[in-house]
Amino acid sequence: MKREELTAAGLTDEQVEKVMKLNGDDINREKAKYSDYDDIKKQLEKANATIDGMKDYEDVKAKVTQYQQEAENAKKEAAAKVQQLELQAKIKDFTGNKKFVNDLTRDAINAQLEKALNDDANKGKSLDDLLKALTDGKADIFKDENTPTPPTVTNMAAAGVQTAPATQPAAAPKASWNRFKC
């Protein structure tokens with residue numbers, strides 16, 4: 001409603017003012033009913049975003065379950081590795097003071113002992129029992145302290161005697177020697 005329309009309808013300026021004031025009061029009263037519209041609109045947007053987030057809840061829940069399972073598997077694998085390393089250290093300590101023929105034999109016996117200790121059939125047996133079972137009746141596993149070791153020959157040349165370097169034969173002609181060079 002405009003002032004010009006009211007004046008054209010034959011109302012005086014004083015009457016137009018009263019009508020405009022009443023109309024303004026009505027408009028403000030109705031606006032007051034909806035004054036929290038912006039707040040409600042923000043709350044609605046937030047609620048819709050929360051609902052949209054709930055759609056992904058099942059995916060998130062599945063991922064959390066997956067990560068928990070992976071963490072549990074990693075713990076089990078780590079515990080198994082620690083147990084295996086402790087077992088290997090126990091075997092190395094046990095066989096460390098034994099005099100094997102060589103390191104290859106020691107490593108093979110250690111591997112067989114580890115395999116035997118992991119076998120359920122050998123539960124309760126000691127390392128001594130298992131080693132005895134592995135080596136019983138087999139020769140050349142341990143060094144025999146009673147057998148003499150052969151002497152080692154270091155240099156067969158007599159002291160003070162010089163030998164010629166073996167670059168070319170002394171009697172061979174140079175031309176025939178060059179023929180065999182690579």
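Below is a summary of the structure that appears in this document. (Residues numbered from 1 in each chain as written. Predicted model: local features only at pLDDT ≥ 70, side-chain atom pairs only at ≥ 80, totals over all residues. Heavy atoms only, no water.)

Attention shifts here to the overall build of the chain. The helix and strand tally for the chain stands at seven helices and zero strands. Its helices and strands taken in sequence order, the chain reads α-α-α-α-α-α-α from the N to the C terminus. Residues counted as buried form 12% of the 182 residues belonging to the chain. Contacts in the chain between residues at least 24 apart in sequence constitute 41% of all its contacts with a sequence separation of at least 6. In the structure as shown, the chain presents an accessible area of about 15900 Å², 55% of it carried by carbon and sulfur atoms. (Helix = DSSP H or I, 4+ residues; strand = E, 2+ residues; numbered from the N terminus. Buried < 20%, exposed > 50% of the residue type's maximum accessible area, 1.4 Å probe, protein only. Contact = heavy atoms within 4.5 Å. Areas by Shrake-Rupley, 256 points an atom, 1.4 Å probe, with all protein chains shown as cover.)

Taken N-terminus to C-terminus, the directions of helix α5 (residues 103-118) and helix α6 (residues 127-135) make an angle of 120°; their axes are 10 Å apart at the nearest point. Viewed along their axes, α5 and α6 adopt a mutual orientation that is oblique. At the point where α5 passes α6, the crossing takes the right-handed sense. Counting all contacts with α5, which are made through Ile 109, Gln 112, Leu 113, Ala 116 and Leu 117, the residues of α6 involved are Leu 127, Leu 130, Leu 131, Leu 134 and Thr 135. Looking at the contact of α5 with α6 residue by residue, the classes come out as eight nonpolar, two polar and no charged. (Axes fitted to C-alpha atoms, helices over the stretch in contact; angles between N-to-C directions. Parallel < 35°, antiparallel > 145°, perpendicular 65-115°, else oblique. Left-handed = near helix turned anticlockwise from the far one by under 90°. Nonpolar A, V, L, I, M, F, W, Y, C, P; charged D, E, K, R; others polar.)

This structure, assessed with the given rule, holds zero aromatic pairs. It is Lys 98 that lies over the ring of Phe 94; its NZ or CZ is 4.6 Å from the centre. (Phe/Tyr/Trp six-rings, centres within 6.5 Å; stacked < 30°, edge-to-face > 60°. Lys NZ or Arg CZ within 6 Å of the ring centre and 35° of its normal.)

Within the fold, Lys 98 resides in the loop between α4 (57-96) and α5. Distance in space between the C-alpha atoms of Lys 98 and Phe 142 is 7.7 Å, their sequence separation being 44 residues. Once you skip the residues sitting within four places of it in the chain, Lys 98 turns out to touch Arg 106, Leu 131 and Phe 142.

Here Thr 135 shows up in helix α6. Reaching out from Thr 135, the side chain makes a polar contact with the backbone oxygen of Leu 131 at a distance of 2.8 Å. Excluding anything up to four places from it in sequence, Thr 135 contacts Ile 109, Ile 141 and Phe 142. (Polar contact = N/O pair within 3.5 Å; in protein donor to acceptor, adjacent residues only side chain to side chain.)

Let us now look at the layout of surface pockets. Roughly 210 Å³ of volume is contained in the largest pocket. In terms of lining, the largest pocket is formed by Gln 83, Gln 84, Leu 87, Lys 90, Leu 117, Asn 118, Asn 122, Lys 123, Gly 124, Lys 125, Ser 126 and Leu 127. Secondary-structure elements contributing two or more residues to the lining of the largest pocket are α4 and α5. For the lining of the largest pocket, the class distribution of residues is three nonpolar, six polar and three charged. (1 Å grid on protein atoms, 1.4 Å probe; cavity = no way out; pocket = protein on both sides within 12 Å on 5 of 7 lines; lining within 4 Å. Points joined across faces, edges and corners; volume = space filled by probe spheres on them.)

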